[in-house]
Amino acid sequence: MEDNNRQLKFRDIHNDSKAQKEFIESNRFPVSILCDSFAKAANIGMILRLAEAARLTELILWNNQIDLSSKKIQRISRNEAGAVPIRTLSSEEDAKTLEQKYRLIAGEWTNKSTTTKSFDWDDRPVLLIMGNEIVGLSDFWLDRVEQSLHIPMFGLKTSMNVACAASILTYQLLEKRGLF
């Protein structure tokens, strides 16, 4: 008798076929993440893993000096660095190019931020911009974003780990888009 409540194994859900990889490459969701001046390799690794799991368009590292081939990133991301398109950018010209391609959304608690409940999609893909682990999002990006989204905090602290916050906001955005 088969147990209908057993935990599914990865291979029950996905296979590693060339066709599946090609499907993923050509059917990425219209959300990307920009990591603004991240200081910790662990957070880059977790966001790489998120980007692969959520089939995001790309990961953009802004003013980051972290080596993507580090053992810590490889271990935490489960070696996903090659599975997601990654760019490292830092110039004013790069920012202008991103502004033309994406709707810029900050993952930051500000005096104008809202939750994803009030977020409305338009036709543009979203670039979710997440800030440095200590100081948050830079003024450079805060001055450019169209909207800021925050996660309601019910405890004494007013923030959470940046990779955790990116995960929550990413999946809330994908749900708002109607992708699941």
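### Comments concerning the overall build of the chain
Move 1: What the chain contains, in helices and strands, is seven helices and six strands.
Move 2: In terms of overall dimensions, the chain is globule-like: its C-alpha atoms have a radius of gyration of 17 Å, near the 16 Å expected for 180 residues.
Move 3: Seen through its C-alpha atoms, the chain measures out along the principal axes to roughly 60 × 35 × 35 Å.
Move 4: Expressed as a percentage of its 180 residues, the buried residues of the chain come to 39%.
Move 5: Residue pairs in contact within the chain that sit at least 24 positions apart in sequence constitute 79% of those at least 6 positions apart.
Move 6: Carbon and sulfur atoms make up 50% of the accessible area of the chain, which totals about 10,800 Å².

### Here we look at the pattern of salt bridges
Oppositely charged side chains are able to pair whenever their charged atoms sit close together.
Move 1: Under the counting rule described, the total for this entry stands at nine salt bridges.
Move 2: Between Glu 58 and Lys 101 there is a salt bridge; the shortest N-O distance is 3.5 Å. Taken together, the residues Glu 58 in the loop between helix H3 (41-53) and strand S2 (59-62) and Lys 101 in helix H5 (residues 92-101) connect sequence positions 43 residues apart.
Move 3: Linked by salt bridges that have partners in common, Arg 103, Asp 122, Arg 124 and Glu 146 make up one network.

### Some points on the nonpolar core
Move 1: Ile 33, Cys 35, Phe 38, Ile 44, Ile 47, Leu 59 and Met 130 are the most contacted members of the largest nonpolar core, which totals 32 residues.
Move 2: Breaking this core down by element, the ones donating at least two residues are strand S1 (31-36), H3, S2, strand S5 (126-130) and helix H7 (162-176).
Move 3: Counting residues per element, this core draws most heavily on H7, at seven residues.
Move 4: Grouped together as the second largest cluster of nonpolar side chains are 14 residues, Ala 95, Tyr 102, Leu 104 and Ile 129 included.

### Focus on the layout of surface pockets
Move 1: The space that makes up the second largest pocket amounts to roughly 450 Å³.
Move 2: As for the second largest pocket, its lining consists of 23 residues, of which Gly 107, Glu 108, Thr 158, Ser 159 and Met 160 are closest to the centre.
Move 3: Looking at which element gives the most residues to the lining of the second largest pocket, the answer is H7, with three residues.
Move 4: Broken down by class, the residue content of the lining of the second largest pocket amounts to eleven nonpolar, nine polar and three charged.

### So, the packing of aromatic side chains
Move 1: One pass over the structure, following the stated rule, counts five aromatic pairs.
Move 2: Both rings, one in Trp 62 and one in Trp 141, keep their centres 4.9 Å apart while their planes meet at 80°; by these two values the pair is edge-to-face. A residue pair is termed long-range when its members are at least 10 positions apart, and Trp 62 in strand S2 and Trp 141 in helix H6 (residues 139-142) qualify at 79 residues. Each member of the pair, Trp 62 as well as Trp 141, is classed as buried.
Move 3: Between Phe 119 and Trp 121, the ring centres sit 5.7 Å apart and the planes meet at 85°, which makes this aromatic pair edge-to-face.
Move 4: According to the relative accessible area criterion, Phe 119 is buried, its value standing at 1%.
Move 5: Aromatic ring contacts, followed pair by pair, group Trp 62, Phe 140 and Trp 141 into a single cluster.

What counts and how
Residues numbered from 1 in each chain as written. Predicted model: local features only at pLDDT ≥ 70, side-chain atom pairs only at ≥ 80, totals over all residues. Heavy atoms only, no water. Helix = DSSP H or I, 4+ residues; strand = E, 2+ residues; numbered from the N terminus. Rg over C-alpha atoms; globule rule 2.2 N^0.38 Å. Buried < 20%, exposed > 50% of the residue type's maximum accessible area, 1.4 Å probe, protein only. Contact = heavy atoms within 4.5 Å. Areas by Shrake-Rupley, 256 points an atom, 1.4 Å probe, with all protein chains shown as cover. Salt bridge = Lys/Arg side-chain N within 4 Å of Asp/Glu carboxyl O. Core = buried A, V, L, I, M, F, W, Y, C linked by side-chain atoms within 4.5 Å. 1 Å grid on protein atoms, 1.4 Å probe; cavity = no way out; pocket = protein on both sides within 12 Å on 5 of 7 lines; lining within 4 Å. Points joined across faces, edges and corners; volume = space filled by probe spheres on them. Nonpolar A, V, L, I, M, F, W, Y, C, P; charged D, E, K, R; others polar. Phe/Tyr/Trp six-rings, centres within 6.5 Å; stacked < 30°, edge-to-face > 60°.

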